[in-house]
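A structural walkthrough
Spelled out from the first residue to the last, the chains are:
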Amino acid sequence: MSKFTVEEINFMCVLETQDRTDMIRQIRQVMPHIKDSYMEDIAGQVLEKLEGMNDKKFAELVLEAAE
């Protein structure tokens with residue numbers, strides 16, 4: 001599994017959840033409403049990486065937005 005990019009981490013921080021399953025649900029819920037192709041790509045990449053990891057690995061992530 002690839003590490004998350006700064007952009008991907010920032011995207012996840014917007015969702016404000018520390019639960020992998022809930023984050024996956026939220027991303028799937030918001031994806032049809034994203035109108036920017038770059039953000040669509042980011043959301044898809046995050047979703048793919050989250051689905052490829054387990055809850056233990058997710059819990060080890062440090063989700064802090066970069067400035």
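Refer to the structure above for everything that follows.
A brief report on the enclosed structure follows.

Thresholds, definitions, all that
Residues numbered from 1 in each chain as written. Predicted model: local features only at pLDDT ≥ 70, side-chain atom pairs only at ≥ 80, totals over all residues. Heavy atoms only, no water. Helix = DSSP H or I, 4+ residues; strand = E, 2+ residues; numbered from the N terminus. Rg over C-alpha atoms; globule rule 2.2 N^0.38 Å. Contact = heavy atoms within 4.5 Å. Areas by Shrake-Rupley, 256 points an atom, 1.4 Å probe, with all protein chains shown as cover. Buried < 20%, exposed > 50% of the residue type's maximum accessible area, 1.4 Å probe, protein only. Arc of directions from axis to C-beta. Polar contact = N/O pair within 3.5 Å; in protein donor to acceptor, adjacent residues only side chain to side chain. Salt bridge = Lys/Arg side-chain N within 4 Å of Asp/Glu carboxyl O. Core = buried A, V, L, I, M, F, W, Y, C linked by side-chain atoms within 4.5 Å.

Counting secondary structure elements, the chain contains 4 helices and 0 strands. Element order for the chain, N to C, with α for helix and β for strand: α-α-α-α. For 67 residues, the compact-globule estimate of 2.2 N^0.38 gives 11 Å, and the chain sits close to it at 11 Å. Taken over the C-alpha atoms alone, the chain extends approximately 30 × 25 × 20 Å along its principal axes. Taking the contacts inside the chain whose residues are at least 6 apart along the sequence as the reference set, 68% of them involve residues at least 24 apart. When the accessible area of the chain is evaluated, it comes to approximately 4,700 Å², of which 50% is carbon and sulfur surface.

Moving on: helix 2 (residues 20-30). Along helix 2, the residues classified as buried are R20, M23, I24, Q26 and I27. Down the axis of helix 2, the buried side of the element spans an arc of 165°, and every buried residue falls inside it. Exposed side chains of helix 2 directed beyond 90 degrees from the buried face belong to R28 and Q29. You can read the cap of helix 2 off the contacts: a side-chain oxygen lies 3.3 Å from the backbone nitrogen of T21, and it is on D19.

All chains considered together, the criterion is met by 5 salt bridges. Salt-bridge contacts for K49 lead to E8; the nearest nitrogen and oxygen are separated by 2.7 Å. Of this pair, K49 sits in helix 3 (residues 37-51) while E8 sits in helix 1 (residues 6-15), placing them 41 residues apart in sequence. The class of K49 is buried, set by a relative accessible area of 14%. Note that K57 is salt-bridged to E60, the shortest N-O span being 3.7 Å.

Bringing the nonpolar core into the picture now. One recurring pattern in soluble globular proteins: nonpolar side chains tend to sit buried together. Ranked by size, the top nonpolar core spans 18 residues in total, and within it M12, M23, I27, V46 and L50 carry the most contacts. For this core, the secondary-structure elements that each account for two or more residues are helix 1, helix 2 and helix 3. The residues contacting I27, other than those within four sequence positions of it, are F11, L15, A43, V46, L47 and L50.

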